[in-house]
Every structure is written in structure tokens, then in C-alpha cells.
Amino acid sequence: MPISVLDELYAGKAKTLYRTDDSDLLLMRFRNDTSAFDGEKIEQLERKGMVNNKFNAHIMQVLQAAGVETHFVSLESDYDSVVRSMEMIPVECVVRNFAAGSLCRRLGTEEGIAISPPIFEFFLKNDALHDPMINDSHIISFGWASSEEIATMKATTLKCNEILTALFQDAGLLLVDYKLEFGRYQGRLILGDEFSPDGCRLWDAVTREKLDKDRFRQGLGGVVEAYEEVAKRLGISL
Ligand code: TMP
Ligand code: ASP
């Protein structure tokens, strides 16, 4: 039975959540808005929402099949998916397999150096503060999550790294880094938000060509074309 979409619950920089006639379910709409530098640069990129919606559906299903519980329920249409309603934890979980982005700026590390074992970092989800890096101690003392929830976020994010590194490797891609967000659902912490080239870095394994949102951040052009190339290599039909 098709779901009835009610009013808007929350609009982020690239997605909007709507309430539905089922209080357990939300509609997640992937918009064409593309944002960088905490919303400083925003552009509409034709088809981007559709590509990310289908990309995310594929990845969430892969993760679920491997035993990672996620909020994803179903692909509803080109731009929409149905997800479970959760209480989000206001932190971002980042794993890095190769040096790039803010790690290089913070530590002066050369871009592209392999990182072993992978680095795990927490950031506070707060655009006005430019998502500052935080640690377990901040999360516990400010009550953003419990120590058990911290352990779950770390273990699940690293488990996703094993699953997704292998998936992308088989498609000739390096999973450089990525960001995940979690939420509380029926007393458990489960994976929320999205996994798409907007929230990760993917390089061609041979040429190291950037095939993710760094193309937008760095003004390299061909942003959606790169996302579509990655989707094609993963066998995702758009
Ligand atoms: P960073 O190098 O800017 O810290 O980002 C690391 C990875 O996490 C990169 O793939 C982008 C992703 N990310 C987001 O998608 N949104 C965010 O707000 C942050 C901090 C990181
Ligand atoms: N997602 C964040 C933003 O829009 C950070 C980034 O991807 O650069 O602004």
C-alpha cells in the first residue's frame, strides 16, 4: 500500500524529511541541492538527488544484508525513500583509510597516504561551529550519547568500513573516508542518514581520480557524472 505523505518534519542541506500516516515511518527526499563548507556553497545539480537516493538504497541494503541494522525501509520513487523515524545522535562518525580533507589540513599529512589501522573520529554536527572534532569525553559529559552508544557507533562504523571497502574495491574504487550518523530506535542504536558520494570520498583505484563531492568542493566539474560512474561500477540502475 503506498504511503501517505504528511507535513515537513525537518529540512537539512540536501534532504528533507516528511511525516507520514505511519508514525513509525518518515519519507526522506533527496534534493538536488549540493552543499559544501557547512552550507557556504550551495548549488542545484540536476539528477543528483535521484542518483544519491538510489545509491543510498543500494548501500543500505548491502549493509543490512551483512547484519548492520539501518533506518532504511524501501525505495519509494526516484527522489524518495521510506525510513524509520529515529531520535538522532548529534555526532558524525568518520573513518579514514587514506589521508584527505580536514585530516591533511589539521595534521599536515600528505593527501593519499594509506592509513593503517583506519582512523576513527567524532565531529559535532553543528554548521555554525563548522562541525568541530570532539572525543568520547565531550559526548559523555554533554550527554549526547552514553558510553555504550559510543562503543556501538565505533564498532558499527568500523564494521561498515570492512564491508564497504571490499564492495568498492571490487568496483575498482578506493573508499578514502566517509561519515555515518546514528539514531535511537526502539531502545537500540541503528544507522541513519545516508551513504552516498556526498558524504564519502571515493577515488579510482588506478588513476586516483576523485569521484565524490570533492569535485564540487574543489570546482572540478562533472560532479553528478562522477556519482553516476560510481553507481554504474556498483551495478546500480538509475
Ligand atoms: P573531512 O575530511 O572534511 O573531515 O570529512 C571526512 C569525510 O566525512 C568526508 O568523506 C566527508 C564526510 N563528512 C561529511 O559528509 N559531512 C560532514 O559534516 C563532515 C565533517 C564530514
Ligand atoms: N556536508 C557539509 C556541508 O555542506 C560539509 C561538506 O560536505 O563540505 O556543507
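Our subject in this report is the structure included herewith. (Residues numbered from 1 in each chain as written. Chains lettered and ligands numbered in written order. Predicted model: local features only at pLDDT ≥ 70, side-chain atom pairs only at ≥ 80, totals over all residues. Heavy atoms only, no water.)

**Quick notes on the pairing of strand β7 (residues 80-84)**
(1) Moving on: Among the five residues of β7, four are classified as buried, and the element is accordingly described as predominantly covered.
(2) Moving on: From the end of strand β6 (residues 72-75) to the start of β7, which pair antiparallel, there are four residues. (Buried < 20%, exposed > 50% of the residue type's maximum accessible area, 1.4 Å probe, protein only. Helix = DSSP H or I, 4+ residues; strand = E, 2+ residues; numbered from the N terminus. Pairing = 2+ DSSP bridges.)

**A word on the sheet that holds strand β8 (residues 87-88)**
(1) Moving on: Read from one edge to the other, the open sheet built from three strands follows the order β8-β13-β14, with strand pairing classed as antiparallel. In this open sheet, the two edge strands, each paired with only one partner strand, are β8 and β14 (188-191).
(2) Moving on: Relative to β14, strand β13 (residues 182-185) is paired through four bridges, and the arrangement is antiparallel. Among the inter-strand pairings, Tyr-185 is bridged to a residue of β14, identified as Arg-188.

**Concerning the nonpolar core**
(1) Moving on: Within the largest apolar cluster, 40 residues are counted, with the highest numbers of intra-cluster contacts made by Phe-55, Phe-122, Met-153, Phe-168 and Phe-195.
(2) Moving on: Of all the secondary structure elements, the ones that give two or more residues to this core are α1 (48-65), β9 (91-98), β10 (114-124), α4 (147-170), β12 (173-180), β14, β15 (200-204) and α6 (223-233).
(3) Moving on: Ranked by residues supplied to this core, first place goes to α4 with six residues.
(4) Moving on: If we ignore the near neighbours within four places in the chain, the residues touching Met-153 are Ile-89, Val-91, Cys-93, Phe-120, Phe-122, Ala-145, Phe-182 and Leu-189.
(5) Moving on: Ranked by size, the runner-up nonpolar core spans seven residues in total, among them Ala-36, Val-51, Phe-216 and Tyr-227. (Core = buried A, V, L, I, M, F, W, Y, C linked by side-chain atoms within 4.5 Å. Contact = heavy atoms within 4.5 Å.)

**Regarding the site of ligand 1**
(1) Moving on: Around ligand 1, the surrounding shell holds 16 residues, and the nearest of these are Glu-92, Arg-96, Ser-102, Asp-131 and Asp-177.
(2) Moving on: In the model, an oxygen atom of ligand 1 is placed 2.9 Å from a nitrogen or oxygen of the Arg-201 side chain.
(3) Moving on: Its free accessible area being 450 Å², ligand 1 has 85% of it covered by the protein chains.
(4) Moving on: Secondary structure elements with two or more residues in the shell around ligand 1: β9, α2 (101-107), β12 and β15.
(5) Moving on: Along the lines of polarity and charge, the residues of the shell around ligand 1 split into five nonpolar, three polar and eight charged. (Near = heavy atom within 4 Å. Polar contact = N/O pair within 3.5 Å; in protein donor to acceptor, adjacent residues only side chain to side chain. Areas by Shrake-Rupley, 256 points an atom, 1.4 Å probe, with all protein chains shown as cover. Nonpolar A, V, L, I, M, F, W, Y, C, P; charged D, E, K, R; others polar.)

**Some points on the packing of α1 against α6**
The description of two helices packed together rests on the angle between their axes and the distance between the axes.
(1) Moving on: Put simply, α1 and α6 touch, their axes get as near as 10 Å, and they point 25° apart. When the interaxial angle is binned, α1 and α6 end up roughly parallel. Pair α1 / α6 crosses with left-handed handedness. For the pair α1 and α6, contact is made by Lys-48, Val-51, Asn-52 and Phe-55 and by Val-224, Tyr-227, Glu-228, Val-230 and Ala-231, respectively.
(2) Moving on: Class assignment for the residues of the contact of α1 with α6 results in six nonpolar, one polar and two charged. (Axes fitted to C-alpha atoms, helices over the stretch in contact; angles between N-to-C directions. Parallel < 35°, antiparallel > 145°, perpendicular 65-115°, else oblique. Left-handed = near helix turned anticlockwise from the far one by under 90°.)

**Notes on the packing of aromatic side chains**
(1) Moving on: This model, assessed by the stated rule, comprises five aromatic pairs.
(2) Moving on: Ring geometry for Phe-168 against Phe-195: centres 6.1 Å apart, planes inclined by 25°, an arrangement best described as stacked. Of this pair, Phe-168 sits in helix α4 while Phe-195 sits in the loop between β14 and β15; the two residues are 27 residues apart in sequence, bridging distant segments of the chain.
(3) Moving on: The buried category is assigned to Phe-195, whose relative accessible area is 1%.
(4) Moving on: Ring geometry for Tyr-178 and Phe-195: centres 5.7 Å apart, planes at 55°, overall tilted. Here Phe-195 lies in the loop between β14 and β15 and Tyr-178 lies in strand β12, a separation of 17 residues in the sequence. The burial state of Tyr-178 is the same as that of Phe-195; both residues are buried. (Phe/Tyr/Trp six-rings, centres within 6.5 Å; stacked < 30°, edge-to-face > 60°.)

**As for the side chain of Thr-34**
(1) Moving on: Summarising the element assignment, Thr-34 is placed in strand β4 (residues 33-36).
(2) Moving on: Residue classification places Thr-34 among the buried residues on the basis of a relative accessible area of 0%.
(3) Moving on: A polar atom in the side chain of Thr-34 sits 3.0 Å from the backbone oxygen of Asn-32.
(4) Moving on: Setting aside residues no more than four positions away along its own chain, Thr-34 makes contact with Lys-41, Ile-42, Glu-43, Leu-45, Lys-48, Asp-198, Lys-213 and Phe-216.

**Re the state of the cysteines**
Two cysteines joined by a covalent bond between their sulfur atoms form a disulfide.
(1) Moving on: This model, assessed by the stated rule, comprises zero disulfides.
(2) Moving on: No disulfide involves Cys-104; its nearest neighbouring cysteine sulfur is the one of Cys-200, lying 16 Å away.
(3) Moving on: Judged by relative accessible area, Cys-104 falls into the buried class, the value being 16%. (Disulfide = S-S within 2.5 Å.)

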